[in-house]
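# Architecture and fold: a report
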Amino acid sequence: MTIDKRALLRGGLTATAALAARANGATAAKAKASDELSASAEHSRDTHVLAAAADDFGHIIHKQPRAVLKAASVADIADLMRWAGGRGLKVAARGQGHSTYGRAMTEDGIVLDMSTMSTIHHVQSDRIIVDAGATWSAVLNATLAHGLTPPVLTNYLELSVGGTLAIGGIGGTTFRHGMQTDNVLELNVVTGDGRELTCSENSNPDLFDAIRAGLGQCGIVTRASLRLVQAPDRVRRFHVFYPDLRALTADQRIVLADGRFDYLQGAVLPDGAGAWRYQLEGVVFYDSYAAPKNTAVLSGLSDDRSTAAITDLTYHEDVNAFAQFENLLRSNGQWFNPHPWLLTFLRDSNAEQVASDILDDLTNEDIGPFGRITYYPMFTKPLRTPLVRLPNESIVFPFNLVRIPESNDVAKVEQMVAKNRALYDRIRGTGGVQYPVGAFPMSSDEWKDHFGSKWTFLQEAKRRYDPLGTLTPGYNVYRD
Ligand SMILES: Cc1cc2nc3c(=O)[nH]c(=O)nc-3n(C[C@H](O)[C@H](O)[C@H](O)COP(=O)(O)OP(=O)(O)OC[C@H]3O[C@@H](n4cnc5c(N)ncnc54)[C@H](O)[C@@H]3O)c2cc1C
């Protein structure tokens, strides 16, 4: 569906113009009174669309938009931005809605559903050009047909390109290749004031830097040119376990320094009996004719070798492994429960102490039987995206509470959100930084603190590209 431009010029969005207005009586009356959205019988079919846009993977925050626009063309998005700006309405792009705290929502504004703009345009030897609503799984399927891959993939591939570029996009190869935002060659953007611009390191570099990891504050990414590298044929994945955090951390440092793994992560896992399991997860990429030797890969490590789990898969099977986990969580219902996650980076110099102190205060129930606490070191040198905030050290530790509660008990979830808030304050106090996909409220002043030396840059870019403050209110970066 496309926007009816004449209706836009009249200042009216009609039912047939692809915007679904609220359907029930009171809300429809408000919509009619306050603006031009009409609530015809046709709209009743779209209450599900509005309800879906008022929810996300977190299932904690619910904000009902006035309308949902399915993005059909760049010109339509530009029209929408000018139209909404002129009426003081907020706009939030929505990729796959996997935020955990309403970041793609807007109360009584317009949600721009980007999932309909997902064309894969070209694959070349060094890049792929895609619409921003494409998922990383679609990107990967297209590139693997040419033996190529993006250098960094998120663990879960059903996230949109635009959605991860808005925050960073971290994966097990980030210690070597940076974030997904570090592997973007060019972006097509509709700015908050409705201009269609292209940006890269050399063209409109200020916009390029404001968009990548800029929390959707300055523009909507419509198309991206993404760097590609040769895909490995196969991977061997090693899960090895340790008796405590100290032993895990020591070996993580060794393998990070010597570079034996091509992918490195790690986690503290609930053991189901109230204690924790400490896991290092390393992957070796290889071509089928040169398989690694397991004893050589694991040499010098102090893990409990009797519990090691080693899998050998094609690259495609391996990067899609999360899909099986998703199926499991969908079948046991936990995919649909609230997900009050907390994602942070700890300083290398105190990571073990901070993580250990926090673990002392957490129970298995706080994380859930299928949840995990991500914990592993990575180099910061390859991370060059200005708005990706990290502690100022050469190594940092992602430390993430990936909570997957067994129930949807509202009171418990509220407690977890409050605990996230307290833990964030504690981590901030030790020099840590958040990865901005966590579930807890942030004030504008706290975002100022988060962006630190880059705050002025973001402020100026906001003034230049979204002067009316139309875009992406869900983070509360700027006061309404
Ligand atoms: C199961 C799961 C696993 C995850 N694993 C990882 C991981 O390994 N690494 C990692 O980095 N993150 C991970 N995440 C977090 C995830 O990357 C972010 O929540 C991401 O923003 C979600 O992408 P999305 O397409 O669902 O975005 P949405 O939730 O739809 O949107 C997220 C934000 O991006 C904005 N946005 C969306 N599209 C655009 C666009 N085209 N232009 C501008 N702004 C836009 C939205 O307005 C919103 O503010 C995971 C999340 C889940 C649920």
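How each quantity is defined
Residues numbered from 1 in each chain as written. Predicted model: local features only at pLDDT ≥ 70, side-chain atom pairs only at ≥ 80, totals over all residues. Heavy atoms only, no water. Helix = DSSP H or I, 4+ residues; strand = E, 2+ residues; numbered from the N terminus. Rg over C-alpha atoms; globule rule 2.2 N^0.38 Å. Buried < 20%, exposed > 50% of the residue type's maximum accessible area, 1.4 Å probe, protein only. Contact = heavy atoms within 4.5 Å. Areas by Shrake-Rupley, 256 points an atom, 1.4 Å probe, with all protein chains shown as cover. Lys, Arg positive; Asp, Glu negative; His and termini not counted. Charge placed at Lys NZ, Arg CZ, Asp CG, Glu CD. Pairing = 2+ DSSP bridges. Near = heavy atom within 4 Å. Polar contact = N/O pair within 3.5 Å; in protein donor to acceptor, adjacent residues only side chain to side chain. Nonpolar A, V, L, I, M, F, W, Y, C, P; charged D, E, K, R; others polar. Axes fitted to C-alpha atoms, helices over the stretch in contact; angles between N-to-C directions. Salt bridge = Lys/Arg side-chain N within 4 Å of Asp/Glu carboxyl O. Phe/Tyr/Trp six-rings, centres within 6.5 Å; stacked < 30°, edge-to-face > 60°. Lys NZ or Arg CZ within 6 Å of the ring centre and 35° of its normal. pLDDT = per-residue confidence, 0-100. Expected span 1.5 Å × (residues − 1).

Turning our attention to the overall build of the chain. Each helix and strand counted, the chain has 17 helices and 19 strands in total. The C-alpha radius of gyration of the chain comes to 23 Å, within 12% of the 23 Å expected for a compact globule of 480 residues. Dimensions along the principal axes, computed over C-alpha positions, put the chain at roughly 70 × 50 × 45 Å. Out of the 480 residues in the chain, the part that is buried amounts to 56%. Sequence separation of at least 24 residues holds for 72% of the intrachain contacts in the chain that already meet a minimum separation of 6. Surface summary for the chain: the accessible area is close to 19,000 Å², and the carbon and sulfur share equals 50%. Once the 48 positive and 54 negative side-chain charges of the chain are each reduced to a mean point, those two points are 4 Å apart.

Right, let's get into the pairing of strand β3 (residues 110-113). Remember that side chains alternate between the two faces of the sheet whenever the strand is regular. What you see with β3 is no split at all: Ile 110 and Leu 112 on one side and Val 111 and Asp 113 on the other are buried throughout. Taken together, the four bridges between strand β1 (residues 67-70) and β3 define a ladder with parallel strand orientation. Paired with Ala 67 across the bridge in β3 is Ile 110. Strand direction decides the pairing type here: strand β2 (residues 91-94) and β3, joined by four bridges, are parallel. Each residue of the ladder has a partner; that of Val 91, found in β3, is Ile 110.

Around the ligand, the structure places 33 residues, and the nearest of them are Ala 93, Gly 95, Ser 99, Ser 160 and Tyr 435. The separation between a nitrogen atom of the ligand and a polar main-chain atom of Val 221 is 2.9 Å. A breakdown of the residues in the shell around the ligand according to their chemical character gives 17 nonpolar, 14 polar and two charged.

Moving on, we get to the sheet that holds strand β4 (residues 120-123). Spatial strand order, β4-β5-β9-β7-β8: five strands in an open sheet with antiparallel pairing. Two strands close off the open sheet at either side, each with one partner strand: β4 and β8 (196-200). The sheet shows a mean angle of 15 degrees between the axes of neighbouring strands, taken without regard to direction. Strand direction decides the pairing type here: strand β7 (residues 184-191) and strand β9 (residues 219-227), joined by seven bridges, are antiparallel. Bridge pairing in β9 places Glu 186 opposite Ser 225.

In this section: the pattern of salt bridges. Applying the stated rule across the entire model yields 25 salt bridges. As a salt-bridge pair, Asp 193 and Arg 195 come within 3.0 Å of each other at their nearest N and O atoms. The salt bridge partner of Asp 312 is Arg 234, with a shortest N-O separation of 3.0 Å. Of this pair, Asp 312 sits in strand β14 (residues 309-314) while Arg 234 is found in strand β11 (residues 234-242), placing the two residues 78 residues apart along the sequence. With relative accessibility at 28%, the residue Asp 312 sits in the partly exposed group. The network of salt bridges with shared partners includes Arg 234, Arg 236 and Asp 312.

Right, let's talk about the sheet that holds β1 for a bit. One open sheet accounts for three strands, arranged β1-β3-β2; its pairing is parallel. Edge positions in the sheet fall to β1 and β2, since each has one partner strand and no second. Across the sheet, the mean angle separating the axes of adjacent strands is 25 degrees when strand polarity is ignored. The strands touched by helix α4 (residues 74-86) are β1, β2 and β3; relative to β3, the strand with the most contacts, the crossing angle is about 170 degrees.

Okay, the packing of aromatic side chains next. According to the stated counting rule, one finds 15 aromatic pairs in the structure shown. Taken together, a centroid distance of 5.4 Å and an interplanar angle of 90 degrees make the contact between Phe 322 and Phe 325 edge-to-face. A residue pair is termed a helical-turn pair when its members lie 3 or 4 positions apart in one helix, as Phe 322 and Phe 325 do in helix α12 (residues 322-332) at three residues. Take Phe 322: its relative accessible area is 24%, and that puts it in the partly exposed class. Using a relative accessible area of 25% as the deciding quantity, one classes Phe 325 as partly exposed. Taking NZ or CZ as reference, Arg 212 lies 4.0 Å from the ring centre of Phe 208, over its face.

Glancing now at the environment of Ala 257. Of note, Ala 257 is situated in helix α9 (residues 245-258). By relative accessible area, which is 64% here, Ala 257 ends up exposed.

The pairing of β4 with strand β5 (residues 127-131) spans three bridges and is classified as antiparallel. Within β5, the position partnered with Val 123 by the bridge is Ile 128. Between β4 and β5, which pair antiparallel one after the other, the connecting turn spans three residues.

Before going further, it helps to spend a moment on the confidence of the model for the chain. Per-residue confidence for the chain averages 91 on the pLDDT scale, and 90% of its residues sit at or above 70. The low-confidence segment residues 1-12 (pLDDT under 50) makes 29 contacts with residues lying over four places distant or belonging to another chain. Confidence drops under a pLDDT of 50 for residues 14-45, and excluding neighbours within four residues, the segment shows 70 contacts in the predicted structure.

Right, let's talk about α4 for a bit. For an α-helix the count is 3.6 residues per turn, leaving residues at separations of three or four pointing the same way. For α4, which comprises 13 residues, the first-to-last C-alpha distance of 18 Å matches the rise-based estimate of 18 Å (1.5 Å per residue) to within 8%. Residues of α4 that are buried: Asp 76, Ile 77, Ala 78, Asp 79, Leu 80, Met 81, Trp 83, Ala 84 and Gly 85. Looking one or two places after α4, you find Gly 88, whose phi comes out positive at around 70 degrees.

Moving on: the environment of Phe 399. Inspection of the secondary structure assignment puts Phe 399 in strand β18 (residues 395-402). Sequence separation of Phe 399 and Leu 343 is 56 residues, and the distance between their C-alpha atoms is 6.2 Å. When residues no more than four places from it in sequence are discounted, the contact partners of Phe 399 are Leu 342, Leu 343, Thr 344, Leu 346, Ala 355, Ile 358, Ile 373, Thr 374, Tyr 375 and Ile 427.

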